[in-house]
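Reading the structure
Here's the letter readout for the chains.
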Amino acid sequence: MKRHRNVKIVATLGPASNDYQMIRALHEAGADVFRLNMSHGDHEEIRARHAIIRQVEKDLDSPIAILADLQGPKLRVGVFANGEEELVPGASFRLDLDKAEGDVNRVCLPHKEIFDALEPGAHLLVNDGKIKLRVKDCGATFADCEVIVGGTISNRKGVNVPDVVLPLAALSDKDRKDLEFVCELGVDWLALSFVQRPADVDEARDLCKGRAAILSKIEKPAAVKNFDDILAVSDGIMVARGDLGVELPVQNVPPIQKRLVRKSRAAGKPVIVATQMLESMIDSPMPTRAEVSDVATAIYEGADAIMLSAESAAGSYPIEAVQTMSNVAGEVESDPTYTEIIESSRRAVRNSVADGIVSAAREIAETTNIKAICCFSQSGTTALLVARERPRVPIIALTSYIRTARRLCLSWGTNCVVTGEVSRFKDAVVAAVRATLAQGLASKEDMIVVTAGVPFNTPGTTNILRVAPCEEKLIFASETE
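As the structure is a prediction and not an experimental result, all values here were calculated from the model.

Looking at the overall build of the chain
When helices and strands are tallied, the chain shows 18 helices and 21 strands. At 24 Å, the chain has a C-alpha radius of gyration in line with the 23 Å of a compact globule built from 481 residues. Projected onto its principal axes, the C-alpha positions of the chain cover 85 × 45 × 45 Å. Within the chain, the proportion of its 481 residues that are buried is 56%. Of the contacts made within the chain by residues no fewer than 6 positions apart, 67% connect residues no fewer than 24 positions apart. Roughly 19300 Å² of accessible area belongs to the chain as shown, and the carbon and sulfur atoms make up 50% of that amount.

As structure tokens, then:
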């Protein structure tokens with residue numbers, strides 16, 4: 001399904017988007033990727049949503065990516081005898097391993113790993129940062145804290161520990177079961193929560209065994225600090241601004257977002273900007289002006305994708321939310337300032353033959369009357385390199401593997417087409433021409449650029465470029481193989 005925009009839209013499925021009609025409508029409205037949130041819904045519900053997405057894909061003959069988002073370890077306090085207590089600034093409050101019901105003076109925190117990592121002066125944030133505690137003294141089983149920011153604390157509220165790297169694996173027992181389930185089910189991307197170090201990504205990759213691409217969620221200060229190393233071992237990145245805004249001062253999040261997006265772009269790895277992008281549309285058919293500006297900012301930065309969470313999963317206006325994102329994207333990408341920003345932030349990469357080929361493809365396309373860049377890519381590598389260039393003309397990614405086409409649905413500007421296997425470059429050129437004409441991106445009088453790797457079916461061999469006419473008889477008249 002040809003989109004008249006380059007940025008991709010990720011829509012989370014949930015109670016408000018649970019049946020065939022709604023999921024199809026969301027895709028037709030502009031959703032390129034569907035997110036299955038493993039924090040909500042059992043395996044049978046996830047299986048049913050997965051089946052519906054694949055049916056929509058088949059009915060519309062349009063590749064769709066499925067992103068399974070693992071829950072990650074959840075750190076929570078225990079329960080209170082009265083259900084809740086009011087903590088006042090300046091008061092003392094203890095967290096410990098005692099499973100007895102809590103009161104205004106203490107509560108259980110059943111995570112020994114936190115006490116092992118804490119030091120005096122560290123901060124703990126409770127209930128999405130609404131309550132802030134500072135550690136005065138701590139040991140293997142307790143932390144005596146001062147209440148810095150008070151409020152109501154109640155049963156099983158979440159705890160964030162921003163100041164230390166916790167000795168916790170990114171994958172809980174639940175996550176490992178969920179990972180195996182969704183990989184066997186056949187998802188395309190796996191979003192990994194609670195990433196703190198590259199080893200967290202390595203563990204998930206070992207378990208995936210190549211069945212899904214790994215997308216690291218950057219939601220902890222440790223992940224920001226170790227980002228370059230995490231990026232190197234990840235297939236993609238999600239800037240998860242919700243937890244980042246809890247564990248870091250909120251004013252730190254926008255510059256971090258910009259840095260992470262630029263570094264991901266330079267690495268040629270898809271990056272999603274997520275969390276509260278159109279939050280008011282959970283209950284309103286219209287977004288706020290500030291939300292529209294937030295979405296536009298991510299697009300101006302060159303993010304590969306922008307994401308809807310509760311807006312499409314549980315909101316009253318899921319289709320309108322997708323349409324709003326798509327409309328904002330269309331308006332931003334038609335702005336001459338957008339082109340200036342994207343091109344000024346492009347980093348020249350010349351480390352390999354493949355880098356040179358895709359850079360040349362973009363420059364040829366932008367200095368002549370070329371209608372599209374077509375990349376024949378079995379692994380997806382060539383398409384990702386072309387997308388990294390952020391060309392002004394459309395990108396058509398051709399592959400004989402549906403799995404590759406689905407994964408590329410997350411990548412900026414790629415129009416994914418599944419075609420038959422080819423053994424000669426001339427066959428790839430013909431397939432590219434036919435796809436370009438079928439999508440209405442060119443006429444027979446026009447020219448396209450085609451890139452590929454020869455020999456075919458060998459990942460990482462992008463080594464050939466051709467400017468080709470869209471008239472097939474002219475292609476066959478050439479002696480080029």
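Considering the sheet that holds strand β7 (residues 123-126)
Taken together, the six strands give an open sheet; going across it, the order is β6-β5-β9-β8-β7-β11, and neighbouring strands pair in mixed fashion. Either end of the sheet is taken by a strand with one partner, and the two such strands are β6 (106-108) and β11 (159-160). Pairing analysis gives four bridges linking β7 to strand β8 (residues 131-138), with the strands arranged antiparallel. Along β8, the bridge assignment pairs Leu 125 with Lys 132.

Some remarks on the environment of Ala 313
With respect to the secondary-structure elements, Ala 313 resides in helix α11 (residues 310-313). With relative accessibility at 11%, the residue Ala 313 sits in the buried group. Between the C-alpha atom of Ala 313 and that of Asp 69, which follows or precedes it by 244 residues, the distance is 13 Å.

Quick word on the sheet that holds strand β12 (residues 189-192)
Taken in spatial order, the eight strands close into a barrel running β1-β2-β3-β12-β13-β14-β15-β16, and their pairing is parallel. Strand-to-strand twist across the sheet, computed as the mean angle between neighbouring axes with direction ignored, equals 25 degrees. The sheet contact formed by strand β13 (residues 213-218) and strand β14 (residues 236-240) spans four bridges and is parallel. From the neighbouring strand, Ile 218 faces β14, where its bridge partner is Val 239. Contacting β2 (33-37) and β3 (65-69), helix α2 (residues 43-60) crosses the sheet at an angle of about 175 degrees to β2.

Description of the pattern of salt bridges
Taken as a whole and assessed by the stated rule, the structure comprises 32 salt bridges. Here Glu 44 and Arg 47 are joined by a salt bridge, their closest N and O atoms 3.6 Å apart. Here Arg 47 and Glu 44 lie together in helix α2, a separation of three residues that amounts to about one turn. With a shortest N-O distance of 2.7 Å, Glu 389 and Arg 362 are connected by a salt bridge. Taken together, the residues span a long stretch of sequence, with Glu 389 in the loop between α15 (381-388) and β18 (395-399) and Arg 362 in helix α14 (residues 353-367) at a distance of 27 residues. Accessibility assignment for this pair places Glu 389 and Arg 362 in one class, buried. Each of Arg 54, Glu 57, Asp 188 and Arg 406 takes part in a single network of salt bridges with overlapping partners.

Structural notes on the packing of aromatic side chains
Counted by the stated rule, this structure contains one aromatic pair. Aromatic side chains Tyr 300 and Tyr 338 sit 6.2 Å apart centroid to centroid with 55 degrees between the ring planes, which places their arrangement in the tilted category. A residue pair is termed long-range when its members are at least 10 positions apart, and Tyr 300 in helix α10 (residues 289-300) and Tyr 338 in helix α13 (residues 336-344) qualify at 38 residues.

Let's talk about helix α9 (residues 253-267)
The end-to-end C-alpha distance of α9, which contains 15 residues, comes to 21 Å, matching closely the 21 Å that a straight helix rising 1.5 Å per residue would cover. Along α9, the residues classified as buried are Val 253, Ile 256, Gln 257, Leu 260, Val 261, Ser 264 and Arg 265. With its buried residues spanning 160 degrees around the axis, α9 presents them on a single face. Immediately downstream of α9, the backbone of Gly 268 shows phi near 70 degrees, a positive value.

Concerning the state of the cysteines
Inspection of every chain in the model, using the stated rule, returns zero disulfides. The thiol sulfur of Cys 208 is not disulfide-bonded, and the nearest other cysteine sulfur, from Cys 183, lies at 3.8 Å.

Looking at the environment of Lys 174
In this structure, Lys 174 sits in helix α4 (residues 173-185). Remark: the alpha-carbon pair of Lys 174 and Pro 73, spanning 101 residues in sequence, is separated by 8.7 Å.

Overview of the nonpolar core
Within the largest apolar cluster, 105 residues are counted, with the highest numbers of intra-cluster contacts made by Phe 34, Leu 190, Met 238, Ile 272, Ile 299 and Ile 306. Element by element, the count of residues in this core is highest for helix α12 (residues 318-333), at six residues. For Leu 190, the contacting residues outside a window of four places in its chain are Leu 67, Ala 68, Leu 70, Leu 179, Val 182, Cys 208, Ala 212, Ala 213, Ile 214 and Leu 215. Judged by nonpolar contacts, the second largest core, of 29 residues, contains Val 107, Ala 117, Cys 138 and Val 164.

Examining the packing of helix α1 (residues 20-29) against α12
Two numbers describe how α1 lies on α12: the axes approach to 9 Å, and their chain directions differ by 15 degrees. Between α1 and α12, the interaxial angle falls into the category roughly parallel. In this structure, the crossing between α1 and α12 has a hand that is right-handed. Across the interface between the two elements, Met 22, Ala 25, Leu 26 and Ala 29 from α1 touch Pro 318, Ile 319, Val 322, Gln 323 and Ser 326 from α12. When grouped by side-chain class, the residues that make up the contact of α1 with α12 number seven nonpolar, two polar and no charged.

Conventions and cut-offs
- Residues numbered from 1 in each chain as written.
- Predicted model: local features only at pLDDT ≥ 70, side-chain atom pairs only at ≥ 80, totals over all residues.
- Heavy atoms only, no water.
- Helix = DSSP H or I, 4+ residues; strand = E, 2+ residues; numbered from the N terminus.
- Rg over C-alpha atoms; globule rule 2.2 N^0.38 Å.
- Buried < 20%, exposed > 50% of the residue type's maximum accessible area, 1.4 Å probe, protein only.
- Contact = heavy atoms within 4.5 Å.
- Areas by Shrake-Rupley, 256 points an atom, 1.4 Å probe, with all protein chains shown as cover.
- Pairing = 2+ DSSP bridges.
- Axes fitted to C-alpha atoms, helices over the stretch in contact; angles between N-to-C directions.
- Salt bridge = Lys/Arg side-chain N within 4 Å of Asp/Glu carboxyl O.
- Phe/Tyr/Trp six-rings, centres within 6.5 Å; stacked < 30°, edge-to-face > 60°.
- Expected span 1.5 Å × (residues − 1).
- Arc of directions from axis to C-beta.
- Disulfide = S-S within 2.5 Å.
- Core = buried A, V, L, I, M, F, W, Y, C linked by side-chain atoms within 4.5 Å.
- Parallel < 35°, antiparallel > 145°, perpendicular 65-115°, else oblique.
- Left-handed = near helix turned anticlockwise from the far one by under 90°.
- Nonpolar A, V, L, I, M, F, W, Y, C, P; charged D, E, K, R; others polar.

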